[in-house]
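This is what each chain is made of:
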Amino acid sequence: MWLNGPKPKLCSPRGRSLFQLASCLIFQSLSTVRICSKSYLTLENGKVFLKGGDLPALDGAWVDFRCDPDFHLVGSSRSICSQGQWSTSKPHCQVNRTPHSERRAVYIGALFPMSGGWPGGQACQPAVEMALEDVNSRRDILPDYELKLIHHDSKCDPGQATKYLYELLYNDPIKIILMPGCSSVSTLVAEAARMWNLIVLSYGSSSPALSNRQRFPTFFRTHPSATLHNPTRVKLFEKWGWKKIATIQQTTEVFTSTLDDLEERVKEAGIEITFRQSFFSDPAVPVKNLKRQDARIIVGLFYETEARKVFCEVYKERLFGKKYVWFLIGWYADNWFKTYDPSINCTVDEMTEAVEGHITTEIVMLNPANTRSISNMTSQEFVEKLTKRLKRHPEETGGFQEAPLAYDAIWALALALNKTSGGGGHSGVRLEDFNYNNQTITDQIYRAMNSSSFEGVSGHVVFDASGSRMAWTLIEQLQGGSYKKIGYYDSTKDDLSWSKTDKWIGGSPPADQTLVIKTFRFLSQKLFISVSVLSSLGIVLAVVCLSFNIYNSHVRYIQNSQPNLNNLTAVGCSLALAAVFPLGLDGYHIGRSQFPFVCQARLWLLGLGFSLGYGSMFTKIWWVHTVFTKKEEKKEWRKTLEPWKLYATVGLLVGMDILTLAIWQIVDPLHRTIETFAKEEPKEDIDVSILPQLEHCSSKKMNTWLGIFYGYKGLLLLLGIFLAYETKSVSTEKINDHRAVGMAIYNVAMRRLITRGEWQSEAQDTMKTGSSTNNNEEEKSRLLEKENRELEKIIAEKEERVSELRHQLQSRQQLRSRRHPPTPPDPSGSLPRGPPEPPDRLSCDGSRVHLLYK
């Protein structure tokens, strides 16, 4: 039992018995004793002997280590416990390995792309060679065998890879596994390898198509599928609120299948791919199309050499800056945009400017925990060791990021072969018995690979059911010409770890499209107040005139001017002037629900005001014309003038207005409508467009009702002008102000015509603005048609070239068939499972060549 709690105080003999003092000293001594780690008390494949004390191991004790038979000890055989620490590192037991000269060679056939679209072999080949050295130096892995490498430069070209694949298969020695790099090469190798019962292990293939187990039954890869990038991209789209994206891809299977997967994922997330472009070798036209379609968030899928071509065109089209974000693949070299490329005509500075700020998603290929792997190296030690083996700086070396995957691929192979051969004393098969017809050994290697699980320099290595590897995704951004880590994403847990180090040229992430700001145009408040003041003064003047007319109604001169009609004129003018107030009210003052009432008030005040004001003047001039322009037999009419007839005429005009307005309001009431004008670009360099809008009062049959309204009132104006002209020389005391009334009718008519003309000119200007917008759209349509015709010509030329090549290929095949007649069929009628025995591999029969090129 140990003493828990705080450290005991010093023992004092005062007041204590001898037994109490002894107990105190014992507990005090125990509290200062230190215990060494228990991990040294066990040894795998061996035994540990503790001496100098019992368990637990206290200061002064020591342990001796002994290994089991067929194993030898690596490290010190004794370790002493001192002050809670063992004096030496813990040793381990290794299996006794066959001497190097007696070990049997197992060959690996590899294709490293030293150039081409992805020159990953520049760093991956040294990493593989380093892994082979480490594996071959271990005595507990493949003790009776030595792994050897036979490799060629595929140049990331399937045609070149076909040639070297033929040499690997038909030249001695037999290869137990094939290791291609690029996805296009891996597709060719993996599809043909099953006919030779070969396992294929790739270190750099990311094509989603390679996950098809039916098509590629023996394929494994330490590089995860490219579709692992897509959940990360979708997560970033959602993080920054983007709902519209565009894509541009190189026409290869890996990028096409990746983009198909991305399209399904963004559709599930409610994101739209508005524009999808592809190219084979020249990206000029697709980049122009992206610019024309106003693409802002662009996902680019292409190899490194094509990436330089794309961004040279991006610079020419100015498709970069604070309005644009590019998403690229992260496995390019760090300075890929600075590499000299004779196929482009852009300088390094131009390329650097064009690529600034783009986002890359990259599989985590180096263990960030920096823990020791199965090779007893940390990830940092691996990088330092690999850097010393490289001929150039890591940033200038292709495949440097994928090098840990290539290193771990050799370890995955070595562990699988070790398990197959019975490494560690277990029974197994003889690897030297493998040949291209031995499917039993292939099946055992397949099962061993499928169950692989170990800690590598790239992280935990384990394969899923399709032979692909799962991993985290690293998110980087190019800032100031160098890549900076801004986050990690674990798609299996939907966990985004964000470092908040992202930087944007405009200060914030751009919008996924030009932001259109709808802006209502309101009446100038200064103008509204000024006109309202003038209208108020007019109303006051009308009220003064009305009061004066009523007060002096007994005066004979006033009586002869028909004062009641003058009163109606004053009232009508007041109503018409009062219409200024609802006409000036818009969305700035009132809400949407109040707009219909304001519209009706405008219509009724203007209608009734015009009928009362102009109707009373028209009645006067009409009766003067009727009475004083008749023939002599009707002179009696001049002597008497019945006022009720004048009032009845005004009432008839007002009644017509009331009836028309009532039917209009009931059948087709006025409501709020919005008129939209052409977009305007602000003077500031911001990514927005202003869409001006104006509120109106309108109805479904607005033009019809205005035609009716303006029609009969226009006739009244014309008739009033005619009557005023006809009665200009008439003199009568019954209506003594008819000449002034005639002049007023002239003024009203001319003002209405002028106002109507100005309104028509404004309407024409609006129509011109709309027509200019239509002209711009027609111009864009013509440009699109022109480019479509150019593309059709290019496609026709390509198709013609393809047909010529097919014709040449057919001619060559016919010539070859004449030179080499076909071999007679097998009497049994069954297809061979594979090629003949190894001694006959150099015969190169036709069936095997056909399978190789399938």
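What counts and how
Residues numbered from 1 in each chain as written. Predicted model: local features only at pLDDT ≥ 70, side-chain atom pairs only at ≥ 80, totals over all residues. Heavy atoms only, no water. Helix = DSSP H or I, 4+ residues; strand = E, 2+ residues; numbered from the N terminus. Contact = heavy atoms within 4.5 Å. Axes fitted to C-alpha atoms, helices over the stretch in contact; angles between N-to-C directions. Parallel < 35°, antiparallel > 145°, perpendicular 65-115°, else oblique. Nonpolar A, V, L, I, M, F, W, Y, C, P; charged D, E, K, R; others polar. pLDDT = per-residue confidence, 0-100. Core = buried A, V, L, I, M, F, W, Y, C linked by side-chain atoms within 4.5 Å. Buried < 20%, exposed > 50% of the residue type's maximum accessible area, 1.4 Å probe, protein only. Expected span 1.5 Å × (residues − 1). Phe/Tyr/Trp six-rings, centres within 6.5 Å; stacked < 30°, edge-to-face > 60°. Lys NZ or Arg CZ within 6 Å of the ring centre and 35° of its normal. Disulfide = S-S within 2.5 Å.

### What to know about the side chain of Ser154
Argument step 1. Position of Ser154 among the secondary structure elements: in the loop between strand 8 (145-153) and helix 3 (158-170).
Argument step 2. With sequence-adjacent residues up to four places away left out, Ser154 is seen in contact with Leu111, Phe112, Pro113, Gln160, Ala161 and Val185.

### With respect to the packing of helix 19 (residues 643-667) against helix 20 (residues 702-726)
Think of two packed helices as two axes; the pair is described by the angle between the axes and how far apart they sit.
Argument step 1. The interhelical angle for the contact between helix 19 and helix 20, taken along N-to-C directions, is 175°, at an axis separation of 11 Å. Here helix 19 lies roughly antiparallel to helix 20, going by the angle between them. Of the residues in helix 20, those touching helix 19 at Leu653, Met656, Asp657, Thr660, Leu661, Ile663, Trp664 and Val667 are Met702, Trp705, Leu706, Ile708, Phe709, Tyr712, Lys713 and Leu716.
Argument step 2. For the contact of helix 19 with helix 20, the per-class residue count stands at 13 nonpolar, 1 polar and 2 charged.

### Some details on the confidence of the model for the protein
Detailed reading of the predicted coordinates is not advisable wherever pLDDT is low.
Argument step 1. Confidence along the protein averages 80 in pLDDT terms, with 82% of residues attaining 70 or more.
Argument step 2. Here helix 22 (residues 846-852) is the element of the protein with the lowest mean pLDDT, 31, and strand 10 (residues 199-202) is the one with the highest, 96.
Argument step 3. Within the model, the stretch residues 1-31 combines pLDDT values under 50 with 14 contacts to residues more than four positions away or in other chains.

### Topic: the nonpolar core
Argument step 1. Ranked by size, the top nonpolar core spans 131 residues in total, and within it Phe311, Trp326, Phe327 and Phe382 carry the most contacts.
Argument step 2. With 11 residues, the top contributor of residues to this core is helix 11 (residues 403-420).
Argument step 3. Counting residues in each nonpolar core, the second largest holds 26 residues, with Phe618, Cys697, Trp705 and Tyr712 among its members.

### Here's the deal with helix 19
Each turn of an α-helix holds 3.6 residues, which means side chains three or four residues apart point in the same direction.
Argument step 1. Under the 1.5 Å per step criterion, the end-to-end length of helix 19 is 36 Å for 25 residues, consistent within 8% with the ideal 36 Å.
Argument step 2. Leu646, Thr649, Val650, Leu653, Val654, Asp657, Thr660, Leu661 and Trp664 are the residues of helix 19 that are buried.

### Focus: helix 2 (residues 121-137)
Argument step 1. Helix length check: helix 2 (17 residues) gives 24 Å between terminal C-alpha atoms against 24 Å at 1.5 Å per residue, within 8%.
Argument step 2. Most of helix 2 is tucked away, with 13 of its 17 residues classed as buried.

### Structural notes on the packing of aromatic side chains
Argument step 1. This structure, assessed with the given rule, holds 27 aromatic pairs.
Argument step 2. Consider the rings of Trp664 and Trp705, whose centres lie 5.7 Å apart with planes at 10°: the pair is stacked. Pair noted here: Trp664 is in helix 19 and Trp705 is in helix 20, with a separation of 41 residues, a long-range link.
Argument step 3. Residue Trp664 is classed as buried on the basis of its relative accessible area, which comes to 2%.
Argument step 4. Feature note: the residues Phe237, Trp240, Trp242, Phe327, Trp498 and Trp504 constitute an aromatic cluster, connected by ring pairs.
Argument step 5. Just above the ring of Tyr324 sits the side chain of Arg296; from NZ or CZ to the centre is 5.6 Å.

### A closer look at the state of the cysteines
Think of a disulfide as a covalent bridge from one cysteine sulfur atom to another cysteine sulfur atom.
Argument step 1. Per the stated rule, a full pass over the model turns up 5 disulfides.
Argument step 2. Note that Cys36 is cross-linked by a disulfide to Cys81, the S-S spacing being 1.8 Å. Across the S-S bond linking Cys36 and Cys81, the dihedral sits near 95°, which makes this disulfide right-handed. Taken together, the residues span a long stretch of sequence, with Cys36 in the loop between helix 1 (18-31) and strand 1 (46-51) and Cys81 in strand 4 (residues 78-82) at a distance of 45 residues.
Argument step 3. Take Cys36: its relative accessible area is 4%, and that puts it in the buried class.
Argument step 4. We classify Cys81 as buried; its relative accessible area is 1%.
Argument step 5. As a non-bridged cysteine, Cys545 has Cys573 as the owner of its nearest cysteine sulfur, 8.9 Å distant.
Argument step 6. Here Cys545 falls in the partly exposed class, since its relative accessible area comes to 43%.
Argument step 7. In this structure Cys573 comes out as partly exposed when scored by relative accessible area, which is 36%.

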